[in-house]
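Summary of the model geometry
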Amino acid sequence: MAEPLQATTERTAVPAFDLVIFGANGDLAMRKLFVALAARDREGVLPPESRIIGVVRQKAQLKTLPETIAARLHESGFDKDEIKRFMGRIVVAETDATKLETYEALKHALGKAERVRAFYLSTPPDLFIPIVENLGKSGLAVGDARVIIEKPIGRDLTSARAINDALAKVFTEKRTYRIDHYLGKETVQNLMVMRFANTLFERSLSSRDVDHVQITAAETVGLESRAGYYDGVGALRDMIQNHVMQLLCLFAMEPPNTLDAEAVRDEKLRVLKALKPIAGGEVQRQTVRGQYSAGSIDGKPVRGYTEELGRASNTETFVALRCEIENWRWAGVPFYLRTGKRLAARYSEIDVTFKQVPFSIFRSADGHDPLQPDRLIIRLQPNEGVQFQMMMKVPGSGRLKLVPRMLDLRYAEAFNERTPDAYERLLTDVIRGDQTLFMSRHEVEAAWRFVDPILDAWRQASDVLPRYAAGSFGPSHAFGLIERDGRSWVDPDLPA
C-alpha cells in the first residue's frame, strides 16, 4: 500500500497554555471537556507546563471537583497513571461568575505565567455577558487571551447581537471562538477535502447534476437532564440555527482561495446570505414543526414530551424546512433540513440525490425503467463515513438485471487510527489560534436573520402543534413537505 501523502498545511504544535473552564462541574465539562483534554494529554499533545483551571462557586467544590474529574476519567477508560498525570494539571479556583470581587481567586490561580490564556464559558448563556465583563474589569483578559462560548448564542438576532457586542468590548474577533462541536467531527472536516480535492465531486455538486439535498440530525433521546433549558429553546434554536446551518454552509459553499480561517468563514457566510428568506405566509408552506408523544424506542416504552416535562408546552421537538440557496451553483435545488428528538434512529447525515440520466436504454419488455438516481451519503454519526450509491449489473449470463449498490467507505475500516472526539480537535485549535472550525460573529447573526421570521410566524400561529409518536420519523406533515415536490425522505433501514 502506498504511503499517504502529507498535507502541505502542517498543524503547528500546541503551545503552553492555561485553560480556564467556567462551569467546571457542569454536564458539558464532565462529559466532554475534561475527557477530551485527558485524551490529548495521553497522546502527548499537551505541553507539560500547561494547566486546566476549573472555576467553582462553592468552597466545598475545591476538594470535590478533582475527585469528580478523576472518577469520570476512570469511567472513560483512562488508567491510573494517565489519570494521575492529567490530574497534576488541574487547579481549582473559587469564583462567582457574577461577582467581580471574587475574581481575585482566579487571578491568583493564573499568576503571571507567559503562556496562552483561554477562558471556556461552559455555562448557561445568561452568564456570558457578566463573565466577559468581569474578565475585562479584573484585568484577566490581557494580551492574547481568548474566550470560547457555546451555543446557543442568544435567543434571536437582538440577543445574539447583545452577546456579540459584550464580547467585542473585551475580546477582539480574532480572540473570540464560538464553538459548534459538529464542526469538529472528522466527517465534517472531510467535507472540504472531498469537494475541493476531488474533481468528480466538485463538478457534480451543483444544480446541473443535483436533484435535491437532505440534511438530517436525528436523536432518539428525549429531554434527559436538559428540561429547563430545552423547553425555553426548542429544536429550531437548539439544532437548526447552529449545527444544521453550519453543515449546510460547509456542504454548499464555494471553494475558498486558501484554507485560512477568514477565507473559509467568508464563503460560509455567503451561503447564509444567499438563503431565500422564509417569512409570512411561506412559513406555513415551507416549514413543519412537531412534538413527540408517548411511544417506544428500541422496544421500550417512553413518555411524551409534556409527560417528561411535567406540564403543558408548545415547544417544538421536531423541525423540517425546505430551503433554497439563491446563487448560480444551487439555484433551483431544494435543501430539506430536519431535526428531532425521540425519532426512530440516531444519525446525522447529508444525503445528496442526483438527477436521473436524461434517457434510459435499460427498459424491460413492459416498459419499466429499473434505474434509481445516484446518491451520495455523508454520514456524520454513527459509523462515520461516505457512501455512494450507483446502478450495477447483477452477475450472470441471463437477462440483464440492474440493482443499486453502495460504494462504502467507513472511517473505522479505512483508517487504522482512532477517531478523536470533536472537542479534542476544537480545544487544541483554540490554543493554536486556528479559527477555521469556529463561527464568526457575522455567521451567527446571519443565521438568526434567517430563523427569526420563522419563529415570529410560529408565535402568531394559532394552530395546534402536530404530535408524532416517539420512535417514528416525525409528524406526517413532514412527509407532506417533501412529497408534494415528488420526493421522499431517505431514512436508514432499521432492524425488524
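Residues numbered from 1 in each chain as written. Predicted model: local features only at pLDDT ≥ 70, side-chain atom pairs only at ≥ 80, totals over all residues. Heavy atoms only, no water.

1. Overview of the sheet that holds strand β6 (residues 176–179)
- In spatial order, the strands read β3-β2-β1-β4-β5-β6; together these 6 strands make up an open sheet with parallel pairing. Only two strands of the sheet have a single partner each, and these edge strands are β3 (90–94) and β6. Neighbour-to-neighbour, the strand axes of this sheet turn through a mean angle of 20°, independent of strand direction. (Pairing = 2+ DSSP bridges. Helix = DSSP H or I, 4+ residues; strand = E, 2+ residues; numbered from the N terminus. Axes fitted to C-alpha atoms, helices over the stretch in contact; angles between N-to-C directions.)

2. Quick look at the sheet that holds strand β15 (residues 385–393)
- Strand order across the open sheet formed by 9 strands is β16-β15-β14-β13-β7-β12-β11-β8-β17, with mixed pairing between neighbours. Pairing within the sheet leaves two strands with one partner each, and these edge strands are β16 (402–410) and β17 (467–469). Across the sheet, the axes of successive neighbouring strands diverge by a mean angle of 20°, strand direction being ignored.
- As paired strands, strand β7 (residues 210–218) and strand β13 (residues 347–354) are joined by 8 bridges and run antiparallel to one another. In the strand pairing of β13, Q214 is matched with D351.
- Strands in contact with helix α7 (residues 186–196) are β13, β14 (375–381) and β15; relative to β14, the strand with the most contacts, it is inclined by about 145°.
- Taken strand by strand, helix α10 (residues 234–252) contacts β7, β11 (318–324), β12 (334–340), β13 and β14, and its axis lies near 140° from that of β12. (Contact = heavy atoms within 4.5 Å.)

3. Observations regarding helix α1 (residues 27–42)
- Between its terminal C-alpha atoms α1 stretches 22 Å, which fits the 22 Å expected from 16 residues at 1.5 Å a residue.
- Of all the bends in α1, the largest measures some 30° and sits at L33.
- For α1, a buried count of 12 out of 16 residues is recorded, marking the element as mostly surrounded by other parts of the structure.
- Along α1, the positions that sit buried rather than exposed are L28, A29, M30, L33, F34, V35, A36, L37, A38, A39, R40 and D41. (Expected span 1.5 Å × (residues − 1). Bend = angle between axes of the 7 residues up to and from the residue. Buried < 20%, exposed > 50% of the residue type's maximum accessible area, 1.4 Å probe, protein only.)

4. A short note on the packing of α1 against helix α2 (residues 61–75)
- Here α1 crosses α2 at 75°, and the two axes come no closer than 10 Å. Viewed along their axes, α1 and α2 adopt a mutual orientation that is roughly perpendicular. Contact with α1, carried on its side by M30, R31, F34, V35 and A38, involves L65, T68, I69, R72 and L73 of α2 and no other residues of that element.
- Residue classes in the contact of α1 with α2 are distributed as 7 nonpolar, 1 polar and 2 charged. (Parallel < 35°, antiparallel > 145°, perpendicular 65-115°, else oblique. Nonpolar A, V, L, I, M, F, W, Y, C, P; charged D, E, K, R; others polar.)

5. Concerning the confidence of the model for the chain
- On average, the chain scores 91 in pLDDT, and the residues at 70 or more come to 96%.
- Ignoring residues within four places in sequence, the model shows residues 1–10, a span with pLDDT below 50, making 1 contact including any to other chains. (pLDDT = per-residue confidence, 0-100.)

6. Things to note about the nonpolar core
- With 147 residues, the main nonpolar core has F22, F251 and F335 as its most contacted residues.
- No other element matches α10, which puts 12 residues into this core. (Core = buried A, V, L, I, M, F, W, Y, C linked by side-chain atoms within 4.5 Å.)

7. What to know about the pattern of salt bridges
- On inspection of all chains with the given rule, the structure shows 38 salt bridges.
- The partner of R40 in a salt bridge is E43, with the nearest N and O atoms 2.8 Å apart.
- Judged by its relative accessible area of 14%, R40 is buried.
- With a relative accessible area of 41%, E43 lands in the partly exposed category.
- Of the charged contacts in the structure, one is a salt bridge between R379 and E349, with a shortest N-O distance of 2.6 Å. Residue R379 is located in strand β14, and its partner E349 is located in strand β13; the two are separated by 30 residues in the primary sequence. (Salt bridge = Lys/Arg side-chain N within 4 Å of Asp/Glu carboxyl O.)

8. Let's talk about unusual backbone geometry
- Geometrically, the link from K151 to P152 is a cis peptide bond, its omega value of 0° lying close to zero.
- Relative to the assigned elements, P152 resides in the loop between β5 (146–150) and α6 (157–170).
- For the bond from Q381 to P382, the omega torsion is -15°, close enough to zero to count as cis.
- Mapped onto the fold, P382 is located in the loop between β14 and β15.
- Its identity is not glycine, yet D298 carries a phi of approximately 55°, on the positive side.
- Along the chain, the position of D298 falls in the loop between β9 (295–297) and β10 (300–302).
- The exposure class assigned to D298 is exposed, which follows from its relative accessible area of 73%.
- Of note, the phi angle at R342 is positive, near 55°, even though the residue is not glycine.
- Looking at where R342 falls in the secondary structure, it is placed in the loop between β12 and β13.
- Note on R342: relative accessible area 14%, which makes it buried.

9. Topic: the side chain of E316
- Structurally, the position occupied by E316 is in the loop between α13 (305–309) and β11.
- Of the polar contacts made by the side chain of E316, one reaches the backbone nitrogen of L236; its length is 3.0 Å.
- In this structure, E316 is in contact with Y230, V233, G234, A235, L236, R289, G290, W458 and L465, ignoring residues within four places of it in sequence. (Polar contact = N/O pair within 3.5 Å; in protein donor to acceptor, adjacent residues only side chain to side chain.)

10. Focus: the packing of α10 against helix α16 (residues 441–460)
- Across the interface, α10 lies against α16 with an axial gap of 10 Å and an inter-helix angle of 140°. For the element pair α10 / α16, the angle class is oblique. Note that α10 runs across α16; the crossing there is right-handed. Here L236, R237, Q241, M245 and Q246 of α10 come into contact with α16, specifically with E443, V444, A447, W448, F450, V451, I454, L455, W458 and R459.
- When its residues are assigned to classes, the contact of α10 with α16 shows 10 nonpolar, 2 polar and 3 charged. (Left-handed = near helix turned anticlockwise from the far one by under 90°.)

11. Some points on the state of the cysteines
- Within the structure shown, the criterion is met by 0 disulfides.
- Take C249: it sits in no disulfide, and the sulfur closest to it among the cysteines is that of C323, at 11 Å.
- Classification of C323 as buried rests on a relative accessible area of 1%. (Disulfide = S-S within 2.5 Å.)

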